[in-house]
Amino acid sequence: MEELKLIRPGEIRVRMAPSPTGPMHLGFARTALFNYLFAEKYQGTLILRIDDTDIQRSQKKWEKDIIEGLNWLGLEFQEGPGVDGKFGPYRQSERKEIYQKYLQKLLDEKKIYYCFCSPEELEAHRNYLLSIGQPPRYSEKCAELSEREIEENLKNKKSYVLRFRMSSKKVRFKDLLRGEIEYDSQNFGDIVVAKNLAAPLYNLTSVIDDFEMKITHIIRGEEHIPNTPIQILLAEALGIKTPQYLHLPLIFGLDRAKLSKRDRVKSILEYKEEGYLSVALINFLALLGWNPGANKEIFSLLSLIQEFSVEKIQKSGAVFNPQKLDWLNGFYIRQKSLDKLTEDCIPYLIKTNLIKPCLERDKHSLFYEGKVITTKFETTETGEGVSFYELMKIIDLYQARLKKFSEISELIDFFFKKKLDYSSELLRWKEMSNEEIKEVLDKLSKTLNKLEETDWTKKEIGEVLLKLAGELGKEDRGYLLWPLRAALSGKTASAGPFEIAELLGKEKTLERIRMAKEKIKI
RNA sequence: GUCCCCAUCGACUAGCGGUUAGGUCACGGGCCUUUCACGCCCGUAGCAGGGGUUCGAAUCCCCUUGGGGACACCA
């Protein structure tokens, strides 16, 4: 990539150009990320341009989704009309006069022409060509209409489109990733560049804006490779320069189909709601199609900027693997400080109705001079209060077990319940008989009951129970500890019984053992 | 159908003419451990096929096959 070495800081201008016709999906997020990294790497400028020329399909809510997604990921752009000193996106829908100027010029120069063919007519012709194995392209029926015919049709208000007179030639361009790519423009036919003088279409607006915005490098998905020769021809007709191109490989779903083509496109914001960290998603996305060459998997946005290089971008498409995303997310969750993690989890506990929002809750007052104040959340089922500090201790037990925040509720719900719902079979360790289970539970309550409230710590609890386990004469501690853990949590998997018992408190621990005994029939 | 892009473990990838083909996720086993997870150790698994070029090809070239993308009055 010798041309990249010639780049001077500040020269680069790149853009993200989503069309707001659907939510911001992973594919666009990855393209945005690479544009961002490229711009940051070379101290260039990144622009957000909303390609909303299709007024039928474009929606404000999708634009909002895209901008929120970008914000969440921390991919900031450095230019654009905005308010309060903040940059906003350019919108093609707000730049109509610019396109009209160019369109008129093309029309005057007869480089585009009026086409009055009906959609039905075109459809039929396309199907015919397809059926005889020809590339489906326009018949050029209207290419040579006389001035009079055109005026006649326009006067009769016959609907029209504007077609570009495609020159017949070979178009070559250089892709920064793939090298020379050549197309024969004969395959294209005279494409439609505008629905009418006031409604230009993507290929035209894109070429004009990239020029007007002085874009130096277009970094976009591979699906745009076939558009590139058309855009080059268009630029030629307009007499404007073309930027350099870099086409990123596609991201596929597990079924190997292009992500944005799948039935239901998942918004990046849904990952946020599920409890993924943006740092994890960024890290994951970067690794999808890019690799620094070293045996390294963990990258912050900053380290990505430092290490990013175009040479290391993959050429082949990548399958999106949710398991690796989960692993990365779990990794980043384990790196979090406990108070931050707890803050992150609280909305999920509220959403699943385990606790109620704290009315006088003020995030900044939770910690006062390093001390935890006693802000209490009301637990929905028991009506008791649970402090931020207590929540922190619970979540501490699950930090290593959590892959995403949305999982927290079903992991720790038993702390907030009056009665646990589980089958008596859960209490059975290996081949234990019902009598044995009951006996073990009896011993547990007797032993724990003797423990003073002041000694009710996981350390003390562990000591007396381990001693008890030794007295039981069984090799296997599970004989004692499994029924306990099951009785306290009601789950097949959970944190350890000593920790749970400590946080539950003596009273609740004994109550749960008692309830477990009731389940056992002899 | 036509055009274009691509091709290393199941997935993401390292490799850029000479390697016991490396790493991560997932999977299997072990340690730790009452369970689950974390952590640590070990393991299974790959150069799509065929021709060249070369003393020597995962690596360079060609063909085949396979996968994908594009062929709109969408972007």
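Residues numbered from 1 in each chain as written. Chains lettered and ligands numbered in written order. Predicted model: local features only at pLDDT ≥ 70, side-chain atom pairs only at ≥ 80, totals over all residues. Heavy atoms only, no water.

Q: Which residues make up the protein's contact with RNA strand B, and what are the values?
A: Arg57, Arg178, Ala400, Arg401 and Pro497 are the nearest of the 68 residues found near RNA strand B. Take the atoms of RNA strand B that sit within 4 Å of the protein: sugar and phosphate atoms are 74% of them. Measuring from a sugar or linking oxygen of RNA strand B, one finds a side-chain N or O atom of Asp54 at 2.8 Å. A distance of 2.7 Å is found between a base nitrogen of RNA strand B and a backbone nitrogen or oxygen belonging to Ser494. (Near = heavy atom within 4 Å. Polar contact = N/O pair within 3.5 Å; in protein donor to acceptor, adjacent residues only side chain to side chain.)

Q: Outline the sheet that holds strand 4 (residues 112-115), listing residues and values.
A: Read across the sheet, 4 strands follow the order 4-5-8-9 without closing on themselves; strand pairing throughout is antiparallel. Bordering the open sheet on either side are strand 4 and strand 9 (199-200), each of which pairs with just one other strand. Two elements, strand 4 and strand 5 (residues 161-164), share 4 bridges in a ladder whose sense is antiparallel. Residue pairing for strand 5: Cys115 is matched across the bridge by Val161. (Pairing = 2+ DSSP bridges. Helix = DSSP H or I, 4+ residues; strand = E, 2+ residues; numbered from the N terminus.)

Q: Just give me the short version of the domain arrangement of chain A, but keep the residues and values in it.
A: Assigned domains of chain A: these are domain 1 (1-83 + 200-335), domain 2 (338-416) and domain 3 (424-519). Measuring from the centre of the C-alpha atoms in domain 2 to the corresponding centre in domain 3 gives 26 Å. Domain 2 puts 11 residues into the contact, and the matching count from domain 3 is 13 residues. Note on domain 2 versus domain 3: buried area summed over both sides is about 930 Å², and carbon and sulfur give 61% of it. For the domain 2 face of the interface with domain 3, the top three residues by lost area are Leu397, Phe414 and Phe415, together amounting to 55%. Put simply, domain 2 and domain 3 have 3 salt bridges between them. A salt bridge links Glu384 to Lys508, with the nearest nitrogen and oxygen atoms 2.9 Å apart. Among the residues forming the side of domain 2 that touches domain 3, the class breakdown is 6 nonpolar, no polar and 5 charged. (Domains from an automatic or database assignment. Contact = heavy atoms within 4.5 Å. Buried area = accessible area lost by both parts, 1.4 Å probe. Salt bridge = Lys/Arg side-chain N within 4 Å of Asp/Glu carboxyl O. Nonpolar A, V, L, I, M, F, W, Y, C, P; charged D, E, K, R; others polar.)

Q: Kindly report on the packing of helix 4 (residues 96-108) against helix 7 (residues 202-212), identifying the contributing residues and their values.
A: Interhelical geometry of helix 4 versus helix 7 gives an angle of 110 degrees and a closest axis separation of 10 Å. It follows from the interaxial angle that helix 4 and helix 7 lie roughly perpendicular. Considering how the two elements wind past one another, helix 4 and helix 7 form a crossing that is right-handed. In contact with Ile98, Tyr99, Tyr102, Leu103 and Leu106 of helix 4, helix 7 contributes Leu204, Thr205, Ile208, Asp209, Phe211 and Glu212. Residues that form the contact of helix 4 with helix 7 fall into these classes: 8 nonpolar, 1 polar and 2 charged. (Axes fitted to C-alpha atoms, helices over the stretch in contact; angles between N-to-C directions. Parallel < 35°, antiparallel > 145°, perpendicular 65-115°, else oblique. Left-handed = near helix turned anticlockwise from the far one by under 90°.)

Q: Before we move on, can you summarise the packing of aromatic side chains with the specific residues and values?
A: Scanning the entire structure with this criterion turns up 17 aromatic pairs. Taken together, the ring pairs in this structure connect Phe34, Trp290, Phe299 and Phe308 into an aromatic cluster. Lying across the ring of Phe34, Arg30 places its NZ or CZ 5.2 Å from the centre. Lying across the ring of Tyr271, Lys266 places its NZ or CZ 4.3 Å from the centre. (Phe/Tyr/Trp six-rings, centres within 6.5 Å; stacked < 30°, edge-to-face > 60°. Lys NZ or Arg CZ within 6 Å of the ring centre and 35° of its normal.)

Q: Account for the environment of Gln306, naming residues and giving values.
A: Locating Gln306 in the fold gives a position in helix 11 (residues 301-307). Here the alpha-carbon distance between Gln306 and Arg165, two residues 141 residues apart in the chain, equals 45 Å.

Q: I'd like to hear about the packing of helix 7 against helix 8 (residues 227-238), residue by residue, with values.
A: Across the interface, helix 7 lies against helix 8 with an axial gap of 9 Å and an inter-helix angle of 60 degrees. Judged by the sense of rotation from one axis to the other, the crossing of helix 7 with helix 8 is right-handed. Along the contact surface, helix 7 presents Tyr202, Asn203, Leu204, Ser206, Val207 and Ile208, while helix 8 presents Asn227, Ile230, Gln231, Leu234, Ala235 and Leu238. Tallied by class, residues from the contact of helix 7 with helix 8 come to 8 nonpolar, 4 polar and no charged.

Q: Please give an account of the state of the cysteines that cites residues and values.
A: Here the structure, examined in full by the defined rule, presents 0 disulfides. There is no disulfide at Cys142, and the cysteine sulfur nearest it, in Cys117, is 3.6 Å away. Cys142 sits in the buried class, given a relative accessible area of 6%. (Disulfide = S-S within 2.5 Å. Buried < 20%, exposed > 50% of the residue type's maximum accessible area, 1.4 Å probe, protein only.)

Q: An account of a negative patch on the surface is needed here, citing residue identities and associated values.
A: A contiguous patch of negative charge, built from Glu452, Glu453, Asp455 and Glu507, is present on the exposed surface. Looking at the secondary structure, you find Asp455 in the loop between helix 16 (434-450) and helix 17 (458-471). (Patch = residues over 30% accessible without salt bridge, like charges linked within 9 Å, V, L, I, M, F, W, Y side chains within 5 Å. Areas by Shrake-Rupley, 256 points an atom, 1.4 Å probe, with all protein chains shown as cover. Lys, Arg positive; Asp, Glu negative; His and termini not counted. Charge placed at Lys NZ, Arg CZ, Asp CG, Glu CD.)

Q: Lay out the side chain of Ser206 with the relevant residues and their values.
A: Inspection of the secondary structure assignment puts Ser206 in helix 7. Classification of Ser206 as buried rests on a relative accessible area of 1%. Residue contacts for Ser206: discarding those within four places in its chain leaves Arg15, Arg49, Gln92 and Gln231.

Q: Tell me about the environment of Glu381, and name the residues and values.
A: Tracing the backbone shows Glu381 in the loop between strand 16 (376-378) and strand 17 (385-387). Judged by its relative accessible area of 38%, Glu381 falls in the partly exposed class. C-alpha of Glu381 to C-alpha of Lys417: the two residues are 36 residues apart in sequence and 6.0 Å apart in space. With near-sequence residues (within four places) excluded, Glu381 lies in contact with Phe416, Lys417, Lys418 and Lys419. Among the polar contacts made by the side chain of Glu381, one reaches the main-chain amide nitrogen of Lys418 at a distance of 3.0 Å.

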